[in-house]
Amino acid sequence: QVQLVESGGALVQPGGSLRLSCAASGFTFSRSYMNWYRQAPGKQRELVAGITSGGTTNYADSVKGRFTISRDNAKNTVYLQMNSLKPEDTGVYYCNTLQSFGVGYWGQGTQVTVSS
């Protein structure tokens, strides 16, 4: 079965950095679209970054220049490097993959809190 497991979330100060990881199994990771979403307190879940099987990336305007999504197909893992963190980056970060016929899969999420 498809499984996505996020890790790396923590409490950090504004201006700090974190790297989130998502370990994937149960599907052909190397040929799959992978995404990071986040949900801030009281807010709707939003797309943060995405990466295609070929390595093409896209980012929300709010994180462009600060966050970097990458993938390691040998390890079936997608990463989100987050730099210059702001309090508004606080939320639960979810790993996502979109499979055939629009079927999406989600991890359990990892909490990121940016506070002084």
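Attention here is on the structure that accompanies the text.

It is worth spelling out the packing of aromatic side chains at this point. Counting across every chain of the model gives three aromatic pairs. A ring pair is formed by Phe27 and Phe29, whose centres lie 6.4 Å apart and whose planes are at 50 degrees; its orientation type is tilted. With relative accessibility at 2%, the residue Phe29 sits in the buried group. Ring geometry for Tyr94 versus Trp106: centroids 6.4 Å apart, planes at 85 degrees, classification edge-to-face. Pair noted here: Tyr94 is in strand 9 (residues 91-98) and Trp106 is in strand 10 (residues 104-106), with a separation of twelve residues, a long-range link.

With that settled, the discussion passes to the environment of Thr77. Summarising the element assignment, Thr77 is placed in strand 8 (residues 77-82). Each C-alpha atom, one on Thr77 and one on Val5, is 9.5 Å from the other, the two residues being 72 residues apart in sequence. Every residue in contact with Thr77, bar those within four places of it in the chain, is listed here: Ser21, Cys22, Ala23, Phe29, Ser70, Arg71 and Asp72. A distance of 2.9 Å separates a polar side-chain atom of Thr77 from the backbone oxygen of Lys75.

Each value, and the rule that gives it
- Residues numbered from 1 in each chain as written.
- Predicted model: local features only at pLDDT ≥ 70, side-chain atom pairs only at ≥ 80, totals over all residues.
- Heavy atoms only, no water.
- Phe/Tyr/Trp six-rings, centres within 6.5 Å; stacked < 30°, edge-to-face > 60°.
- Buried < 20%, exposed > 50% of the residue type's maximum accessible area, 1.4 Å probe, protein only.
- Helix = DSSP H or I, 4+ residues; strand = E, 2+ residues; numbered from the N terminus.
- Contact = heavy atoms within 4.5 Å.
- Polar contact = N/O pair within 3.5 Å; in protein donor to acceptor, adjacent residues only side chain to side chain.

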